[in-house]
Amino acid sequence: TTQNIEKYKHLNPNFYYTYFILGECYQKLGDIEKAKENYTKALEKDIPKENERNRIKKKLNELND
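Heads up: these notes are all about the structure in this document. All values derive from a computational prediction rather than experimental measurement.

1. Details of the packing of aromatic side chains
Considering all chains together, one arrives at 5 aromatic pairs under this definition. With a centroid separation of 6.0 Å and 75° between ring planes, the pair formed by Tyr-16 and Tyr-17 is classed as edge-to-face. Overall, the relative accessible area of 7% leaves Tyr-16 in the buried class. With relative accessibility at 31%, the residue Tyr-17 sits in the partly exposed group.

Take a look at the structure:
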């Protein structure tokens, strides 16, 4: 449920991967706007590896097409 998804955010709200996972969950639920919102939030966080940043950008671009 979306309530459980939102609870997940509070476990580690400063970690990019939290928002990546939220984006994945919302995308699977068909809520594209919330998926994009969370992928964007992930990109605002520190991401240690460039390939991870590119992976998130790719996901976001796919949703914007």
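2. Some details on the side chain of Lys-36
Tracing the chain through its elements places Lys-36 in helix H3 (residues 32–44). Judged by relative accessible area, which is 18%, Lys-36 ranks as buried. Within the structure, the side chain of Lys-36 is placed 3.3 Å from the side chain of Asn-64, a separation counted as a polar contact. Once residues within four sequence positions are removed from consideration, Lys-36 is found in contact with Leu-60, Leu-63 and Asn-64.

What counts and how
Residues numbered from 1 in each chain as written. Predicted model: local features only at pLDDT ≥ 70, side-chain atom pairs only at ≥ 80, totals over all residues. Heavy atoms only, no water. Phe/Tyr/Trp six-rings, centres within 6.5 Å; stacked < 30°, edge-to-face > 60°. Buried < 20%, exposed > 50% of the residue type's maximum accessible area, 1.4 Å probe, protein only. Helix = DSSP H or I, 4+ residues; strand = E, 2+ residues; numbered from the N terminus. Polar contact = N/O pair within 3.5 Å; in protein donor to acceptor, adjacent residues only side chain to side chain. Contact = heavy atoms within 4.5 Å.

Read these as layout, nothing more, since geometry by itself doesn't imply function.
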